[in-house]
Amino acid sequence: MKLFILYQTDKWKNKASRVYFGVFDSRNKAIDIAKYHGLYCSCAEVVIEEITLNQFEES
């Protein structure tokens, strides 16, 4: 199962500057919420990180 984590960050996309906004089951829902809350602006970037749930990998 794929999940999408929505963050807002500065224009350099540093991990230290990330602000968490939610976890969604589709990329489209995450984009819609970002637009609805006005997260897209000239001084900030929106990051949507895709993760896989219930997956085990050996190194």
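Described below are features of the structure shown in this document. (Residues numbered from 1 in each chain as written. Predicted model: local features only at pLDDT ≥ 70, side-chain atom pairs only at ≥ 80, totals over all residues. Heavy atoms only, no water.)

### Here we look at the pairing of strand S1 (residues 2–10)
Buried residues dominate S1, accounting for eight of its nine residues. By the bridge criterion, five bridges tie S1 to strand S2 (residues 19–24) in an arrangement that is antiparallel. By the bridge assignment for S2, Gln 8 is matched with Val 19. (Buried < 20%, exposed > 50% of the residue type's maximum accessible area, 1.4 Å probe, protein only. Helix = DSSP H or I, 4+ residues; strand = E, 2+ residues; numbered from the N terminus. Pairing = 2+ DSSP bridges.)

### A few points about the sheet that holds S1
Pairing within the open sheet is antiparallel, and its three strands lie in the order S2-S1-S3. A single partner strand is all that each edge strand has here, and the edge strands are S2 and strand S3 (44–52). If you compare each strand with its neighbour and ignore which way they point, the axes differ by 20 degrees on average. Contacts from helix H1 (residues 27–36) reach S1, S2 and S3 within the one sheet, and its direction differs from that of S3 by about 155 degrees. (Axes fitted to C-alpha atoms, helices over the stretch in contact; angles between N-to-C directions. Contact = heavy atoms within 4.5 Å.)

### Describing the side chain of Asp 10
Within the fold, Asp 10 resides in strand S1. Only 3.4 Å separates the side chain of Asp 10 from the side chain of Thr 9, close enough to count as a polar contact. Once residues lying within four places of it in the same chain are set aside, the contact partners of Asp 10 are Ser 17, Cys 43 and Glu 45. (Polar contact = N/O pair within 3.5 Å; in protein donor to acceptor, adjacent residues only side chain to side chain.)

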